[in-house]
Amino acid sequence: MVAVAILAAGRGTRMKSRLPKILHNLGGRSLLRRVLDCTSEIEPTRQLVIVGYGNDLVKASLADVPNLEFVHQTEQLGTGHAVQQLIPYLQDFQGNLLVLNGDVPLLRPQTLQSLLQTHQQHQNAATILTAQLPDAKGYGRVFCDGQNLVTQIVEDRDCSPAQRQNRRVNAGIYCFNWRQLEQVLPKLQSSNDQQEYYLTDAVNYLSPVMAVDVEDYQEILGVNDRKQLAAAYDILQARVKDDWMASGVTLIDPDSITIDDTVQLAPDVVIEPQTHLRGQTVIQSGCHIGPGSLIENSHLGENVTVLYSVVMGSHVAANTRVGPYAHLRGQVTVGQSCRIGNFVELKSTSVGNHTNVAHLSYLGNATVGDRVNIGAGTITANYDGVSKHQTYIGDRTKTGSNTVLVAPITIGHDVTIAAGSTVTDNVPEDCLVIARARQVVKPGWRLKPSPQPPTQS
Ligand code: UD1
Ligand code: CA
């Protein structure tokens, strides 16, 4: 039986933020969410999150996760004090407790698995994840005897200059035999530079305590300030991009591209420079995205091209071309083999198959049929100042350039709308509609020459 406890009560002063540190976003998920997700593969029987600073926000951010237990640490008196708060919750618990700092977001699930395995194999009182860091500044240093058994952990600020030379650090990820830890938690003291109760001091009372080095030290980098947040993002991006390239995605100038690790890409997708893929985005084979595009929470079918465009919360079906300079937002769906072109905005609109909206249009709250041609500069006037109204456009209909469709309005199938029309009433199918003032020509009419201004003397 394994229980997981995540320490997430601190403010994270070094972030200089009102938002609790562990809620800062790293590539689409908060630091805390990343740590939590990492533990799910070990299928813990209990999941406890220790909250304090900004606990309402923290709880709200995890509202969708079932069976989480929130434990309040009302005053943040240190990591040891945080774990002491678990005592009443785990009174009947007989098993191992995995404790994770909430600010170590790059950890891989396999690393937790092997920590747990080592712990169980050796029946340790505690097993501690450690790493040899090139720059150990800010981390607790781990001291071991010849058998890799931990004798002491000393925080950076409490280290003597000689101790500081040790580059083996505490990752802030631990596996404890809960019954044994429970006994020693009350013994922790706050006689250190920060006057806090350190969880790391528990090793002074437990035996055996084993250290396990992580293979890739980048996994255990903690995020304490914005610079470390940016460094973590770089590491994450390198991982994500390496994985996609290995599975057949072409990235042109990878350094200029960002991809959230929630994005799904098929082989033979090509991503051009300055392109950003975010959230729950799925891109199918043969798509060519960018340069200069942002795709968020969207689904693109096979062979879609997107050039210098923003696509958010939308579905675009196979073989459709988007851009340059198009903006799709608010649950747009576009059918197959369409063209959504230059300076076109689609909002909460569905477009059928083989339909073109090629230039300078705004379609909002519209339903457009198949094989429609939306002429340049066609606009749905969907907002009357109070509410939004719907526009329906039937199959094979053609709107002339500079058409305004004043919603609510329904235009039938096979309609042709003359250029420059402002259409205010429903139009039946199969007709021509002209809704504009007739051109007037006045022969011989000229502007009268203006009278000469009086000359100044
Ligand atoms: C801690 C470790 C250090 C280790 C480093 C790894 C201790 C004493 N030190 O230091 O050895 O190298 O992590 O990243 O444990 N928290 C609470 N309640 C509190 C204090 C902290 O929940 O009262 C939470 C924080 O929200 C954070 C985590 O515990 O998620 C770690 O706290 P932090 O202050 O960042 O510890 P470090 O100084 O980084
Ligand atoms: Ca930290």
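This section reports on the structure supplied with the text.

### Regarding the site of ligand 1
Logical step 1: Surrounding ligand 1, one finds 24 residues, the nearest of these being L7, Q73, T79, E155 and N170.
Logical step 2: Here an oxygen atom of ligand 1 sits 3.4 Å away from a polar atom, N or O, in the side chain of K21.
Logical step 3: G140 is positioned such that a nitrogen or oxygen atom in its backbone is 2.9 Å from an oxygen atom of ligand 1.
Logical step 4: Protein coverage of the free-state accessible area of ligand 1, which is 760 Å², stands at 91%.
Logical step 5: Most atoms of ligand 1, that is more than half of them, are within 2 Å of grid points of the largest pocket.
Logical step 6: Where the shell around ligand 1 is concerned, the elements lending two or more residues are β1 (2-8), α3 (79-84) and β10 (168-177).
Logical step 7: Of the residues forming the shell around ligand 1, the biggest block, three residues, is contributed by β10.
Logical step 8: Taken together, the residues that form the shell around ligand 1 break down as nine nonpolar, eleven polar and four charged.

### Side note on the pairing of strand β6 (residues 96-101)
Logical step 1: Across the six residues that make up β6, a large majority, six, are buried.
Logical step 2: In terms of strand pairing, β6 meets β10 through five bridges, oriented antiparallel. In the strand pairing of β10, N96 is matched with N177.

### Thoughts on the packing of aromatic side chains
Centre-to-centre distance and the angle between the planes together describe a pair of aromatic rings.
Logical step 1: In the structure shown here, the tally under the stated rule is three aromatic pairs.
Logical step 2: With a centroid separation of 5.7 Å and 15° between ring planes, the pair formed by Y308 and Y325 is classed as stacked. In this pair, Y308 sits in the loop between β21 (305-306) and β22 (310-312) while Y325 sits in the loop between β24 (321-322) and β25 (326-329), placing the two residues 17 residues apart along the sequence.
Logical step 3: What makes Y325 partly exposed here is its relative accessible area of 44%.
Logical step 4: Where Y325 meets F343, the ring centres are 5.2 Å apart and the plane angle is 10°; that geometry is what we call stacked. Taken together, the residues Y325 in the loop between β24 and β25 and F343 in the loop between β27 (339-342) and β28 (344-347) connect sequence positions 18 residues apart.
Logical step 5: A cation over an aromatic ring shows up here: K388 above the ring of Y383, its NZ or CZ 5.0 Å from the ring centre.

### Focus: the pairing of strand β4 (residues 46-51)
Logical step 1: Burial runs high along β4: five of the six residues are buried.
Logical step 2: Note that β1 and β4 share six bridges and pair parallel. Looking across to β4, one finds that I6 is bridged to V49.
Logical step 3: Handedness of the β-α-β unit built from β4, helix α2 (residues 55-61) and strand β5 (residues 68-72) comes out right-handed.

Reading the values: the criteria
- Residues numbered from 1 in each chain as written.
- Chains lettered and ligands numbered in written order.
- Predicted model: local features only at pLDDT ≥ 70, side-chain atom pairs only at ≥ 80, totals over all residues.
- Heavy atoms only, no water.
- Near = heavy atom within 4 Å.
- Polar contact = N/O pair within 3.5 Å; in protein donor to acceptor, adjacent residues only side chain to side chain.
- Areas by Shrake-Rupley, 256 points an atom, 1.4 Å probe, with all protein chains shown as cover.
- 1 Å grid on protein atoms, 1.4 Å probe; cavity = no way out; pocket = protein on both sides within 12 Å on 5 of 7 lines; lining within 4 Å.
- Sits in = over half its atoms within 2 Å of the grid points.
- Helix = DSSP H or I, 4+ residues; strand = E, 2+ residues; numbered from the N terminus.
- Nonpolar A, V, L, I, M, F, W, Y, C, P; charged D, E, K, R; others polar.
- Buried < 20%, exposed > 50% of the residue type's maximum accessible area, 1.4 Å probe, protein only.
- Pairing = 2+ DSSP bridges.
- Phe/Tyr/Trp six-rings, centres within 6.5 Å; stacked < 30°, edge-to-face > 60°.
- Lys NZ or Arg CZ within 6 Å of the ring centre and 35° of its normal.
- Right-handed = clockwise from strand over helix to strand, strands pointing away.

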